[in-house]
Amino acid sequence: MPQPSAQVTAAEISRIAGVTRATVSNWRRRHDDFPAPSGGTESSPLYDLVEVRAWLGARGHATPADPAEELRTTLRLHQQAGGLTASLLPLVLAAAQCTPEERTALAGLSDPSLIVRAEGASADVSDLVPGAEAVRFAGEDIDVLRALLRCVDDDATGEAALAVLAERELEDSSVGGTYRTPAPLADLMARLVPGPCERVLDPACGSGALLAAVARRGAGALFGQDTVPVQAQRSAVSLLLAAPDADVTVRVGDSLRSDAFTDLTVDAVLCNPPYGDRDWGHDELAYDSRWAYGVPPRAESELAWVQHALAHLVPGGHAVMLLPPATASRASGRRVRMDLVRSGAVRAVIALPPGAAAPLHVGLQIWVLRRPEPAGPERKSVLFVDTTEAGGSGDRSSAASVATATGTRGARSVLDWPVLTEATLGQWSAFTEAPDTFLDEPGTARAVPVVDLLDDVVDLTPARHVRASRTDIAPVDLARETEEVRRRLVAGAASLGKAARYTDWSAAGPTPREWRTATAADLARGGALTLLRTAPESRDSAGDASTATLPVLTGPDIARGAAPSGAPGSLRTDTAPVIAPGDVVVRAVAGGNGAMARVTDDSDAGALLGPQVHLFRPDPARLDPWFLAGFLGSAENIAAASTGSTIVHVSPGRLRVPLLPLEEQRRYGEAFRRVHTLRAEAARATELADETARLLAGGLTGGGLIPSPPPAAPDKTAGAESA
């Protein structure tokens, strides 16, 4: 039976051809011979990859612009790629160890000669890759071999080829939830290990990012284990290439159930373990010697990993682990947390902003632990650091939208990592140098005595412990701040009252008014408006230095009615549209509170258009901007032009606009402008009311503010005598 050909989406076609998605959409509309969909749905069609490549080849797009995409496409076309992918990992190591001249010579070999050389090269390094076996390549594998060689030669490190091969292998398996630890986070975790360390273990090494980070800091012996074979193999190859002078040992297996390094002790453990795994081996490991701080409950797999890490440390060695926030507070883990804290094993808990690593919507935590030394010094306090405000844009929807917009597979964030790293390391360094005299920074960092943590819940959530108390502020300063916010609230309430006086509207009649409409796509084709978006980031994109400091307008800015607040680091700033007054901006992801659309003004001018924001630039002689914004952002219009369930994406071309004379548009536009003002003033007044109430309640309960005494009653006796 013939094997079905691979299918691709329009987005994948754009990457294969090295063009934008808009170009693919134009091809579909303008070329009758463009391949017809072979699957999928009407809104998300799939196309036969063989037909697509033939069509592209006839038009000069035969070779993908990106060698990694070429390798990905070639693997999808290979009928036996599922069995071939894993065997290619040793070949990546061999190819990356060659000089550019040697790779050029390999590329010039005939097909049979290249197959022979590939088999020999793989065999030479197979003993360095866990689980690798001798492989025999066939003639139908030659396209994959040449694509792999081009991919390795393109970046010289082999990382791009490793990522494609691992991605393909994971797609063909039932394994889920495998994410690469972002490089800035891996570097931060490596720098949290005090002093030099020679031997380092990662018992859930994944792609090897954490071990690579600590190798850059001088570690000479790297040990890793992972239960997913392709991840262990990828980690081994990556580390052998990134740290050629280090002694690398990687094994396949479940570290909790089948520890490959039972007798190993190391100077440091770095780990980003799997989360929420109830099948981690609770019953069969109930009497394991690693549980020195108590048997981890079934729901506390993370605490099992914590104790596994401590068991592999030399006395005084450090473990740095990335854990979900529930580990710090779940009731089921209270007893284990209590023993960890009481023994002095927990040295610091650092809260990260959402978007630091997958899952992007969760603010993860870094736990820094130290194996107690026999007769060592008593650890009297634990450092808590909250970096959720230090990293800049930690907004959940913003982080998720950037990951979606740029097509990233795995974790990606829009955080200011240099600021976050500096803030975290500054607090940690000060604490390690003098823990008993550490100066707290209310709202950011606090050293909490161990005895204060050993309560009924043993909650180690940083926000709970670093929260700024009203007692940290002088009563006079608190009273002055509260009065200033109250005055702003009074002014805001007056502005809201003024905005609410708009009554220039009336009933349309016994039935709602109806009108003819046109889609935004039709209006764009007719020249009435221009539709713009920021292009997704490509591997070869480079920012323009002239725009590197410009602010970015994001979806949350539109929802809050705020000025552009995003940073340009996540954009292709050389292609991001620059906003002009009178543009209409619409959030590309529906949902949440706040406005969906607004008209930009002088305060927005010059900012860059952010990811997941659509920009409509109307011709003022044909379309009134506020009229356009009002109808584009209506709930019914957004719902009709949206797709998706968990994340609802707005299709800008499907939004509909009534066809009305310009003078009538302006009357509607003025009404929509007043509605926008009303919404903005209401949001501002609500925010000020909440802030005023928070300051008053905190001040009264914290002792910084006291109720004024009642006015003195008039002296009736004195009044009678004078009469």
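That block above? That's the structure.
Residues numbered from 1 in each chain as written. Predicted model: local features only at pLDDT ≥ 70, side-chain atom pairs only at ≥ 80, totals over all residues. Heavy atoms only, no water.

## Some thoughts on the sheet that holds strand β16 (residues 584-587)
Move 1: Reading across from one edge, β14-β20-β16-β18 is the order of the 4 strands in this open sheet, with antiparallel pairing throughout. Strand pairing shows two members of the sheet lacking a second neighbour, β14 (529-532) and β18 (597-599), which therefore form its edges. Strand after strand, the sheet turns through a mean of 20° between neighbouring axes, direction not considered.
Move 2: Both β14 and strand β20 (residues 613-618) contribute to a ladder of 4 bridges, which runs antiparallel. Counterpart to leucine 531 in the pairing with β20 is phenylalanine 616. (Pairing = 2+ DSSP bridges. Helix = DSSP H or I, 4+ residues; strand = E, 2+ residues; numbered from the N terminus. Axes fitted to C-alpha atoms, helices over the stretch in contact; angles between N-to-C directions.)

## A short note on the nonpolar core
Move 1: Ranked by internal contacts, the top residues of the largest apolar core, which has 88 residues, are Leu88, Leu222 and Ile366.
Move 2: The element contributing the most residues to this core is helix α5 (residues 81-96), with 9 residues.
Move 3: Excluding residues that lie within four positions of it along the chain, leucine 222 makes contacts with Val200, Leu211, Val214, Ala215, Leu239, Ala243, Ala246, Asp247, Val248 and Thr249.
Move 4: In this structure, Trp305, Ala319, Trp367 and Val450 belong to the second largest nonpolar core, which totals 42 residues. (Core = buried A, V, L, I, M, F, W, Y, C linked by side-chain atoms within 4.5 Å. Buried < 20%, exposed > 50% of the residue type's maximum accessible area, 1.4 Å probe, protein only. Contact = heavy atoms within 4.5 Å.)

## Concerning the sheet that holds strand β4 (residues 199-202)
Move 1: Ordered in space as β6-β5-β4-β7-β8-β10-β9-β11-β12, the 9 strands form an open sheet in which the pairing is mixed. Because the sheet does not close on itself, it has two edges, and the strands there are β6 (247-252) and β12 (445-449). Strand-to-strand twist across the sheet, computed as the mean angle between neighbouring axes with direction ignored, equals 15°.
Move 2: With 5 bridges joining them, strand β7 (residues 266-271) and strand β8 (residues 313-323) adopt parallel strand pairing. Across the sheet, residue cysteine 271 finds its bridge partner in β8, namely methionine 321.
Move 3: The strands that helix α10 (residues 183-191) touches are β7, β8 and β10 (365-370); relative to β8, the one it contacts most, it runs at about 155°.
Move 4: This element, helix α13 (residues 301-311), spans β7, β8 and β10 of the sheet and lies at about 150° to β8.

## Some details on the packing of helix α4 (residues 67-77) against helix α8 (residues 142-155)
Move 1: At a minimum axis separation of 8 Å, α4 and α8 run at an interaxial angle of 160°. The orientation of α4 relative to α8 falls into the category roughly antiparallel. The handedness of the crossing between α4 and α8 is left-handed. Between α4 and α8, the contacting residues are Pro67, Ala68, Glu70, Leu71, Thr74 and Leu75 on the first element and Asp143, Val144, Ala147, Leu148, Arg150, Cys151 and Asp154 on the second.
Move 2: Of the residues belonging to the contact of α4 with α8, the class tally is 8 nonpolar, 1 polar and 4 charged. (Parallel < 35°, antiparallel > 145°, perpendicular 65-115°, else oblique. Left-handed = near helix turned anticlockwise from the far one by under 90°. Nonpolar A, V, L, I, M, F, W, Y, C, P; charged D, E, K, R; others polar.)

## Quick notes on the packing of aromatic side chains
Move 1: Applying the stated rule across the entire model yields 14 aromatic pairs.
Move 2: Ring geometry for phenylalanine 631 and phenylalanine 672: centres 5.3 Å apart, planes at 80°, overall edge-to-face. Pair noted here: phenylalanine 631 is in helix α22 (residues 625-632) and phenylalanine 672 is in helix α24 (residues 662-702), with a separation of 41 residues, a long-range link.
Move 3: We classify phenylalanine 631 as buried; its relative accessible area is 13%.
Move 4: For phenylalanine 672, a relative accessible area of 23% translates into the label partly exposed.
Move 5: A connected cluster of aromatic rings, assembled from ring pairs, spans Trp515, Phe627, Phe631, Tyr668 and Phe672. (Phe/Tyr/Trp six-rings, centres within 6.5 Å; stacked < 30°, edge-to-face > 60°.)

## A closer look at α8
Residues that lie three or four places apart on an α-helix share one face, since the helix turns once every 3.6 residues.
Move 1: Here α8 is 14 residues long and its end C-alpha atoms lie 21 Å apart, about the 20 Å a rise of 1.5 Å per residue gives.
Move 2: Turning to α8, its buried residues number three or more, namely Ile142, Val144, Leu145, Arg146, Ala147, Leu148, Leu149, Cys151 and Val152.
Move 3: Positive phi shows up at alanine 156, right after α8, with a value of about 65°. (Expected span 1.5 Å × (residues − 1).)

## Thoughts on the packing of helix α9 (residues 159-171) against helix α12 (residues 229-242)
Move 1: One can describe the packing of α9 onto α12 by two numbers: an axis separation of 10 Å at closest approach and a directional angle of 175°. In terms of orientation, α9 lies roughly antiparallel with respect to α12. For the pair α9 and α12, the contacting residues are Glu159, Leu162, Ala163, Ala166, Glu169 and Leu170 in the first and Val230, Gln231, Arg234, Val237 and Ser238 in the second.
Move 2: Classifying every residue of the contact of α9 with α12 gives 6 nonpolar, 2 polar and 3 charged.

## Details of the pairing of β4
Move 1: The pairing of β4 with strand β5 (residues 221-226) spans 4 bridges and is parallel. Paired with aspartate 202 across the bridge in β5 is glycine 224.
Move 2: Crossover handedness for the path β4 to helix α11 (residues 209-215) to β5: right-handed.
Move 3: Pairing geometry for β4 and β7, over 2 bridges, is parallel. Along β7, the bridge assignment pairs leucine 201 with valine 269. (Right-handed = clockwise from strand over helix to strand, strands pointing away.)

## Considering the side chain of histidine 465
Move 1: Topologically, histidine 465 is positioned in helix α18 (residues 462-466).
Move 2: A distance of 2.7 Å separates a polar side-chain atom of histidine 465 from the backbone oxygen of aspartate 459. (Polar contact = N/O pair within 3.5 Å; in protein donor to acceptor, adjacent residues only side chain to side chain.)

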